[in-house]
Amino acid sequence: MNCHSIYPTVLVTGGSGLVGQALQSLQKNYYFHFVYLNSQDADLRSYEETLTCFQKYNAEFVIHLAAKVGGLYQNRKNQVEMLDDNLLINQNVLKVCHYLGIRKVVCCLSTCIFPDSIEYPINESKLHLGPPHHSNFGYSYAKRMLEVQCRAYQENFGRDYICVIPTNIYGENDNFSLEKGHVIPSLIHRCYLSQKKKIPWVIKGTGKARRQFIYARDLARLLIWSLEGYRDREPIIMCGGQDTEISIREVVDKIRESFKFEGEIKWDASFPDGQILKTVDNSKLVEHMPQFKFTPFSEGIEKTVQWFRDNYPKCRL
Ligand code: NDP
């Protein structure tokens, strides 16, 4: 299908995911024609499928979100899949973008791929300064290679292929699976079930780990800015300031408040917490976008919980 829109076409890989759907919810605010791809359109692990699919659209831009993504426990169990699938997806997408002469590609890394032993706060220059945390080394090395791949296309072919680095993302349309989901959607699902069944809410880990989170719709706005307004070639971290770092216990409190959950909460310390700290420095983003207003965490959680209640059990579980 060729696109005849008067606006430039942006092909979004991973368009059915958490961030892809956040983009869909905001697209009316922008002068772009967005085309959203999912794994039914093409298995991006296959070069041929990727090429055939991308050739159907006369895209000028690509926002590359597709990835094999999982929470802490999912990542640990499936290192080979996380490494191989993400390496293949990223290599094929960039290769095809280069072949088709796509004007700009914005790719998505994650702050969870930074070195485990590193001086905090984390900034963009520290990405390759040591091994990642052992719990997700497969995903991390594949994502780090995406930064290397983009840099190689920049250096050899002058391509405008760049990487943004969000912290943990949450919001409507997340994967709320109890086993495969990230921390916030899994907690929301579990709290919902505990409230419904009137049983204790059992939470893996101690709750001491601290994280910065970004609401998916905030990230979607920043992704579009990075396409239009970010002229550098270096990766850029995307999250609120260091003062927004909160413990998992505080996250649990917000979710409890949103559900008005009054049952018992039990912490199961036999499960690991992952990295205790991952403090991230967002100075580069603030320098470029001093006026950007992030959605307050309690408001983002309130909206996500409401969305989950409205869409259960049809949402991704
Ligand atoms: P989701 O897991 O919600 O969605 C993943 C998307 O990738 C889906 O659209 C899925 O399609 C697609 N996909 C997966 N495998 C393939 C494949 N082989 N071929 C084609 N498409 C495929 O991801 P998010 O929206 O959460 O993440 C977006 C980006 O942000 C990713 O690059 C991720 O690494 C990064 N990120 C995510 C964080 C988070 O907390 N969620 C944190 C930091 C970075 P389908 O629906 O058909 O399966």
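Since the structure is predicted, the reported quantities are computational estimates derived from the model, not experimental observations. For every chain, the first residue of the written sequence is number 1, and numbering continues from 1 along that sequence. Local features in this predicted model are restricted to residues whose pLDDT is 70 or higher, and side-chain atom pairs enter the listing and the counts only when it is 80 or higher, whereas totals over whole chains, interfaces and linings include all residues. Only heavy atoms go into the side-chain values, all of them from the structure, while hydrogens and water stay out.

A. Region of the structure containing a nonpolar patch on the surface. On the surface, I6, Y7 and Y31 cluster together into a nonpolar patch covering about 410 Å² of accessible area. Secondary structure elements follow DSSP: runs of H or I no shorter than four residues count as helices, runs of E no shorter than two count as strands, and numbering proceeds from the N terminus. Along the polypeptide, Y7 turns up in the segment before β1 (9-13). Judged by its relative accessible area of 33%, Y7 is partly exposed. Patch rule: a residue counts if its relative accessible area is over 30% and it has no salt bridge; like charges are joined within 9 Å, and nonpolar side chains (Val, Leu, Ile, Met, Phe, Trp, Tyr) within 5 Å. Only the protein chains shown count as cover for residues, and all accessible areas are computed by the Shrake-Rupley method using a 1.4 Å probe. Salt bridge, as applied in this entry: a Lys or Arg side-chain nitrogen positioned within 4 Å of an Asp or Glu carboxyl oxygen. Residue exposure (1.4 Å probe, protein chains only): buried if accessible area is under 20% of the type maximum, exposed if over 50%, otherwise partly exposed.

B. Quick look at the environment of I248. In this fold, I248 is placed in helix α8 (residues 248-259). The class of I248 is buried, set by a relative accessible area of 11%. Considering only alpha carbons, one finds I248 and K208, 40 residues apart in sequence, at a separation of 6.2 Å. Apart from the residues lying within four places of it in its own chain, the contact partners of I248 are V183, L187, G207, A209, R211, F213 and W267. Whether two residues touch is decided by their heavy atoms; if any such pair falls within 4.5 Å, the residues are in contact.

C. Region of the structure containing the side chain of S186. Mapped onto the fold, S186 is located in helix α6 (residues 183-197). For S186, a relative accessible area of 12% corresponds to the buried category. Leaving out residues up to four positions away in the same chain, S186 has contacts with S177, L178 and G181.

D. Local environment of the site of the ligand. The nearness test applies per residue and asks whether one of its heavy atoms lies within 4 Å of the molecule or strand. As a matter of local geometry, the ligand sits amid 28 residues, with S16, S39, Y139, K143 and R316 nearest to it. In the model, an oxygen atom of the ligand is placed 3.3 Å from a nitrogen or oxygen of the G14 main chain. For the ligand, an oxygen atom lies 2.9 Å from a polar atom in the backbone of L65. Burial of the ligand by the protein chains amounts to 87% of its free accessible area of 910 Å². Polar contact criterion, stated in full: a pair of N or O atoms within 3.5 Å, where within protein one must be able to donate a hydrogen and the other to accept it, and residues adjacent in sequence count only if both atoms are side-chain atoms.

E. Representation of the packing of aromatic side chains within the structure. Here a pair means two rings of Phe, Tyr or Trp (six-membered ring of Trp) with centres within 6.5 Å. Their orientation is stacked below 30 degrees between planes, edge-to-face above 60, and tilted elsewhere. One pass over the structure, following the stated rule, counts 19 aromatic pairs. For the ring pair Y153 and Y161, a centre distance of 5.5 Å and an interplane angle of 55° mean the geometry is tilted. With 5.4 Å between their ring centres and 55° between their planes, F308 and Y312 make a pair best called tilted. Y312 sits in the partly exposed class, given a relative accessible area of 21%. Above the ring of Y47, the side-chain terminus of K95 is found at 5.7 Å from the ring centroid. Stacked on the ring of W267, the Lys or Arg R249 has its end atom at 4.2 Å from the ring centre. Lysine and arginine charges are scored as sitting over a ring when NZ or CZ, respectively, is within 6 Å of the ring centre and within 35 degrees of the ring normal.

F. Looking closely at the nonpolar core. Definition of nonpolar core: a set of buried residues of the types Ala, Val, Leu, Ile, Met, Phe, Trp, Tyr and Cys, connected through side-chain atoms within 4.5 Å. Core analysis: the largest hydrophobic core is formed by 38 residues, its most contacted members being L11, F54, L94, C97 and V105. At the level of elements, α2 (47-55), α4 (79-100), β4 (104-108), α5 (137-157) and β5 (160-166) are the ones that each hand at least two residues to this core. Among the elements that take part in this core, α4 stands out by supplying 6 residues, more than any other. Once residues within four sequence positions are removed from consideration, V105 is found in contact with V62, H64, L94, C97, D160, Y161 and I162. Listed in part, the 33 residues of the second largest apolar core include F34, I162, L219 and I236.

G. Expanded view of the pattern of salt bridges. Counted according to the given criterion, the structure contains 12 salt bridges. Overlapping salt bridges, with partners in common, bring together D43, R45, K68, E81 and D85 in one network.

H. How the structure looks around the packing of α6 against α8. At a closest axis distance of 10 Å, the pairing of α6 and α8 adopts a crossing angle of 45°. With respect to α8, the element α6 is oriented oblique. The two elements α6 and α8 cross, and the hand of that crossing is right-handed. Between α6 and α8, the residues in contact are V183, I184, L187, I188, C191, Y192 and Q195 and I248, V251, V252, I255 and F259, respectively. Helix axes are fitted to C-alpha atoms over the stretch in contact, other axes to C-alpha atoms as well, and angles between N-to-C directions run from 0 to 180 degrees. Under this scheme an angle from 65 to 115 degrees is roughly perpendicular, one under 35 degrees roughly parallel, and one over 145 degrees roughly antiparallel; angles in between are oblique. Helix crossings get a hand from a simple test, with the near helix turned counterclockwise from the far one by less than a right angle marking a left-handed crossing and a clockwise turn marking a right-handed one.

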